[in-house]
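Fold and geometry: a report
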Amino acid sequence: MSTATATHTGTSSNSLAILIGRVLLSIMFIVAGFGKLTAIGATAGWFGSIGLPVPTVTAVVVGLVELVGGLAILVGYQTRIAALVLAVFTVAATLIAHTNLADQVQQLFFLKNLAITGGFLALAAGGAGAYSIDARRA
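First things first, this report covers the structure right here in the doc. Sequence order sets the numbering: in each chain, residues are counted from 1 along the sequence as written. Reporting in this predicted model follows two pLDDT cut-offs: at least 70 for local features of residues, and 80 or more for side-chain atom pairs to be given and counted; totals over whole chains, interfaces and linings ignore these cut-offs and use all residues. With hydrogens and water set aside, each side-chain value is computed from the structure's full complement of heavy atoms.

When its secondary structure is counted, the protein shows six helices and zero strands. Counting from the N terminus, the helices are DSSP H or I runs at least four residues long and the strands are E runs at least two residues long. Counted from the first residue to the last, the protein has its helices and strands arranged as α-α-α-α-α-α. For the protein, the C-alpha atoms occupy an extent of roughly 60 × 35 × 20 Å along the three principal directions. Expressed as a percentage of the 138 residues in the protein, the buried residues total 31%. Contacts are assigned to residue pairs that have any heavy atoms within 4.5 Å of one another. Once local pairs closer than 6 in sequence are excluded, the contacts in the protein between residues at least 24 apart make up 68%. Surface exposure here means Shrake-Rupley accessible area, sampled with a 1.4 Å probe, where a residue is shielded only by the protein chains that are shown. By element, 73% of the accessible surface of the protein is carried by carbon and sulfur atoms, the whole surface being about 7900 Å². Burial classification: accessible surface area is computed with a 1.4 Å probe over protein chains only, and a residue below 20% of its type maximum counts as buried, one above 50% as exposed, and the rest as partly exposed.

The axes are straight lines fitted to the C-alpha atoms, using for helices just the contacting stretch, and the angles between their N-to-C directions are given from 0 to 180°. Viewed as axis vectors pointing N to C, helix 2 (residues 40–49) and helix 3 (residues 55–75) meet at an angle of 115 degrees, and their least axial separation amounts to 8 Å. Taken as axis vectors, helix 2 and helix 3 run roughly perpendicular relative to one another. Where helix 2 crosses over helix 3, the handedness of that crossing is right-handed. Taking contact as the criterion, the partners of I40, T43, A44, F47 and G48 in helix 2 are, on helix 3, P55, T56, T58, A59, V60 and V62. Should an angle lie under 35 degrees it is considered roughly parallel, over 145 roughly antiparallel, and from 65 to 115 roughly perpendicular; all remaining angles are considered oblique. Should the near helix be turned counterclockwise from the far one by less than a right angle, the crossing is left-handed, whereas a clockwise turn marks it as right-handed.

For the rest of this paragraph, the subject is the pattern of salt bridges. Only one rule defines a salt bridge in this text: a Lys or Arg side-chain nitrogen within 4 Å of an Asp or Glu carboxyl oxygen. Inspection of every chain in the model, using the stated rule, returns one salt bridge. In this structure, K36 engages E66 in a salt bridge whose closest nitrogen and oxygen atoms are separated by 3.0 Å. Taken together, the residues span a long stretch of sequence, with K36 in helix 1 (residues 3–38) and E66 in helix 3 at a distance of 30 residues.

Right, let's talk about the packing of aromatic side chains for a bit. For Phe, Tyr and Trp, where Trp contributes only its six-membered ring, two rings pair if their centres lie within 6.5 Å, and the inter-plane angle classes them as stacked under 30 degrees, edge-to-face over 60, or tilted in between. Across all of its chains, the model carries three aromatic pairs by this definition. Ring geometry for F29 versus F120: centroids 5.3 Å apart, planes at 65 degrees, classification edge-to-face. Linking F29 in helix 1 with F120 in helix 5 (residues 104–126), this pair joins segments that are 91 residues apart in sequence. The residues F29 and F120 share a single accessibility class, namely buried. One aromatic cluster is present, built from ring pairs that chain together F29, F89 and F120.

By this rule, a helix spans an expected 1.5 Å times one less than how many residues it contains. Given a rise of 1.5 Å per residue, 21 residues ought to cover 30 Å, and the 30 Å separating the end C-alpha atoms of helix 3 matches this to within 8%. Just downstream of helix 3, G76 is the residue with a positive phi angle, here 75 degrees.

A few words now on unusual backbone geometry. The backbone of V54 sits at a positive phi, close to 30 degrees, despite the residue not being glycine. One non-glycine residue, Q78, lies in positive phi territory at about 50 degrees. Tracing the backbone shows Q78 in the loop between helix 3 and helix 4 (79–97). Judged by its relative accessible area of 32%, Q78 falls in the partly exposed class.

Considering the arrangement of structural elements, one finds Q106 in helix 5. A relative accessible area of 16% means that Q106 is categorised as buried. Sequence-distant contacts of Q106, defined by excluding residues within four places in its chain, comprise A97, H98 and N100.

None of this, on its own, says anything about what the molecule does.
Structure follows, in structure tokens:
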């Protein structure tokens, strides 16, 4: 097998893995953002109950960050920026809503969010891969 073939196959495998990773990272954010935007009242009520300011505005902003950021990751558009925004967003959400580490469920959410943040940071560092809008625009 030639070096060119091995390199091409590795690149193709890497790009496919990055695409799958983008899809898996984006699903939760797309669904959560859509849910928040289609249930603003309920979302604002919960946000108000945990002490977030201007809960309705916060619900809209959070819903848009999740939905638009998730879609950008999914299609690989401005991926590095979207991944950084969602990494910061995920850390902030974790520190706001999942710091009761005595509660096993909250501890699991805390750790899950740290793992998701790691995925976004890796995506921000490595980019969207060949199967993305970013690659087509380059």
